[in-house]
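Residue-level structure breakdown
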Amino acid sequence: MTALATAAGAANLGQGFPDTDGPLWVREIARAAILDGANQYPPGRGIPELRSAIAAHQLRHYGITVDPESEVMVSAGATEALTATLLAFVGPGDEVVTLEPFYDSYAAAIAMSGAEHRTVPLRATADGFRLVEADLRAAMSARTRILLINSPHNPTGTVLRPDELRMIADAAQASDAIVVTDEVYEHLTFDGAVHTPLATLPGMAERTISISSAGKTFSLTGWKIGWATGPADLISHVLTVKQFLTYSGGAPLQPAIARALSDGDADIRELRDSLAERRDVLVAGLHTAGFPTSQTEGTYFVCADAKPFLTDATPDGDAFARALPELAGVACVPLSAFCAPGSEAARSVASWVRFTFVKDRSVLDTAIDRLRAFAAE
């Protein structure tokens, strides 16, 4: 979609990356680290300062106590941590359950492991995309080895609520499954929505690997500094795989992220408030253009139903999204791209598309003006 946007000169509300860099003071620390000699392999687990900062972050925000020496691992972004975890624990004959729609790397990593991918649809309601307990139970089996849960959820913007988290915890304990959580948008929640890590629920700390990164929290997506926390025996298995992926990386970036996690709460609040304002601008613009939208409680994204604009030439969200850069000068992503082909979830969101609001206000204003003009034709 980014290639189509570039070719058409479209306002790109498809790919979710910030238009602006993260805090200058954090970037200055990285620059100083380069000049001060932090340019060789860091430890495979990550530098001690960053592991300690991650442990302190978990305790300060969530009351989770982890040992930085044995229960924290730094990775090349959350994607590597997720992939290493799947490769460490599942293989042919195992099943991995995810929510659907799902971030695209999940399916690829599960396929690499040889495990089977099973999904639980999030259903569009007046209260946003929500988890239904019967769907979760139907997806679980005796072969379920991992429940991979993403909240705040990309692409729907859903933040799982206490009753939904309890359903997941109960299902994991009943199946003796490991829970792997993708929490990269943990601090980017709106309207009082609260992110609650599954590891905080009773009986879950010993079976949960929590994964996050600095990319979304500090608008430094290209730095690829992520981490996994959890029980020492589980983290040890993940580390064994990780050492044959990147082994280590980001040597001068790790000290900067350590400081950001310790001293960057004000920057996080500023980003969250700015994103909430931009979300409101985009949602209002989509509504005036005639797009129904789902409730967005977190992340970078708003989901909209393109059904009012579908035609014989663009009969579903996929065709609509491919045509929109030329038709309206705006790029989005079809929600079906985050689903297994032909699945129930893919059919249920066939007319839906995803727009990102993690863009400069000028880009959002341009996109909204163009969508309004398109709708008026």
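Heads up: these notes are all about the structure in this document.

Conventions we followed
- Residues numbered from 1 in each chain as written.
- Predicted model: local features only at pLDDT ≥ 70, side-chain atom pairs only at ≥ 80, totals over all residues.
- Heavy atoms only, no water.
- Helix = DSSP H or I, 4+ residues; strand = E, 2+ residues; numbered from the N terminus.
- Contact = heavy atoms within 4.5 Å.
- Core = buried A, V, L, I, M, F, W, Y, C linked by side-chain atoms within 4.5 Å.
- Buried < 20%, exposed > 50% of the residue type's maximum accessible area, 1.4 Å probe, protein only.
- Arc of directions from axis to C-beta.
- Salt bridge = Lys/Arg side-chain N within 4 Å of Asp/Glu carboxyl O.
- Pairing = 2+ DSSP bridges.
- Axes fitted to C-alpha atoms, helices over the stretch in contact; angles between N-to-C directions.
- Patch = residues over 30% accessible without salt bridge, like charges linked within 9 Å, V, L, I, M, F, W, Y side chains within 5 Å.
- Areas by Shrake-Rupley, 256 points an atom, 1.4 Å probe, with all protein chains shown as cover.
- Polar contact = N/O pair within 3.5 Å; in protein donor to acceptor, adjacent residues only side chain to side chain.

**Some words on the environment of leucine 271**
Here leucine 271 shows up in helix α11 (residues 265-289). A C-alpha to C-alpha distance of 9.4 Å links leucine 271 and glycine 22, two positions 249 residues apart in sequence. The contact partners of leucine 271, leaving out residues within four places of it in the chain, are Leu188, Lys216, Thr217, Ser219 and Arg278.

**Quick notes on the nonpolar core**
Judged by nonpolar contacts, the single largest core of 62 residues is most densely connected at Ile146, Phe291, Leu324, Phe355 and Leu371. Sorting elements by how many residues they give to this core places α11 first, with 8 residues. The next biggest cluster of nonpolar side chains, apart from the first, holds 31 residues, and it includes Val120, Leu160, Cys339 and Ala346.

**Considering helix α9 (residues 232-242)**
Buried within α9 we find Leu234, Ile235, Val238, Leu239, Val241 and Lys242. Seen end-on, α9 carries its buried residues on one side only, within an arc spanning 160 degrees. Among the structural elements, β2 (72-76), α4 (77-89), β7 (178-182), β8 (208-213) and β9 (225-229) are those in contact with the buried residues of α9.

**Quick notes on unusual backbone geometry**
Between glutamate 100 and the following residue, proline 101, the backbone shows a cis peptide bond with an omega angle of 10 degrees. Its place among the elements puts proline 101 in the loop between β3 (95-100) and α5 (104-113). Residues other than glycine seldom take positive phi values, yet aspartate 176 does so here, at roughly 55 degrees. The topology assignment puts aspartate 176 in the loop between α7 (162-175) and β7. Taking relative accessible area as the criterion, aspartate 176 reaches 55% and is therefore assigned exposed. Unlike most non-glycine residues, threonine 299 shows phi in positive territory, near 80 degrees. Among the secondary structure elements, threonine 299 is positioned in the loop between α11 and β10 (301-305). Threonine 299 sits in the buried class, given a relative accessible area of 0%.

**Some details on the pattern of salt bridges**
Close approach of charged atoms allows side chains of opposite charge to pair. Inspection of the entire model under this criterion finds 24 salt bridges. Linking arginine 118 and glutamate 95 is a salt bridge whose minimum nitrogen-to-oxygen distance equals 3.7 Å. Taken together, the positions of arginine 118 in strand β4 (residues 116-125) and glutamate 95 in strand β3 put the pair 23 residues apart, joining distant regions of the chain. Relative accessible area serves as the criterion here: at 26%, arginine 118 is assigned to the partly exposed category. Accessibility expressed as a relative area gives 3% for glutamate 95, which makes it buried. Between glutamate 164 and arginine 130 there is a salt bridge, and its shortest N-O distance comes to 2.9 Å. Within this pair, whereas glutamate 164 is found in helix α7, its partner arginine 130 is found in strand β5 (residues 128-131), the two being separated by 34 residues in sequence. Classification of arginine 130 as buried rests on a relative accessible area of 10%. Overlapping salt bridges bring together Asp127, Arg130, Arg161, Glu164 and Glu297 as one network.

**Some thoughts on the sheet that holds strand β12 (residues 333-334)**
The strand order across the open sheet built from 3 strands is β10-β13-β12, with neighbouring strands paired in antiparallel fashion. Looking along the sheet, the strands with just one partner apiece sit at the ends: β10 and β12. Of the strand pairs in this sheet, β12 and strand β13 (residues 352-356) are connected by 2 bridges, and their pairing is antiparallel. By the bridge assignment for β13, valine 333 is matched with arginine 354. Together, β12 and β13 form the strand contacts of helix α12 (residues 317-328), whose direction differs from that of β13 by roughly 40 degrees.

**A look at the pairing of β9**
Within β9, 5 of the 5 residues are buried, which leaves the element mostly enclosed by the surrounding structure. Neither face of β9 is open: one carries Ile225, Trp227 and Thr229, the other Gly226 and Ala228, and all of them are buried. Pairing of β2 with β9 involves 5 bridges; the strand directions are antiparallel. Along β9, the bridge assignment pairs valine 74 with tryptophan 227. Pairing geometry for β8 and β9, over 4 bridges, is antiparallel. Pairing of serine 212 across the sheet is with tryptophan 227, part of β9.

**Describing a nonpolar patch on the surface**
A grouping of Leu87, Met112 and Leu245 is seen on the molecular surface, where their side chains present a nonpolar patch of about 270 Å² in accessible area. Summarising the element assignment, leucine 245 is placed in the loop between α9 and α10 (253-263).

**Here's the deal with the sheet that holds β7**
Read from one edge of the open sheet, 8 strands run β2-β9-β8-β7-β6-β3-β4-β5, paired in mixed fashion. With one partner strand each, in any of the chains shown, β2 and β5 form the two edges of the open sheet. Going from strand to strand, the sheet's axes swing by 25 degrees on average, the running direction of each strand aside. Helix-sheet contacts for helix α3 (residues 48-62) involve β2 and β9, and the interaxial angle to β2 is about 110 degrees. Sitting on the sheet, α7 touches β5, β6 (144-150) and β7, and the angle it makes with β6 is about 165 degrees.

**Describing the side chain of threonine 98**
Note on placement: threonine 98 falls in strand β3. Residue classification places threonine 98 among the buried residues on the basis of a relative accessible area of 1%. Polar side-chain contacts of threonine 98 include one of 2.8 Å to the side chain of histidine 117. Not counting residues up to four positions away in its chain, the partners in contact with threonine 98 are Tyr106, Ile110, His117, Arg118, Thr119, Val120 and Leu148.

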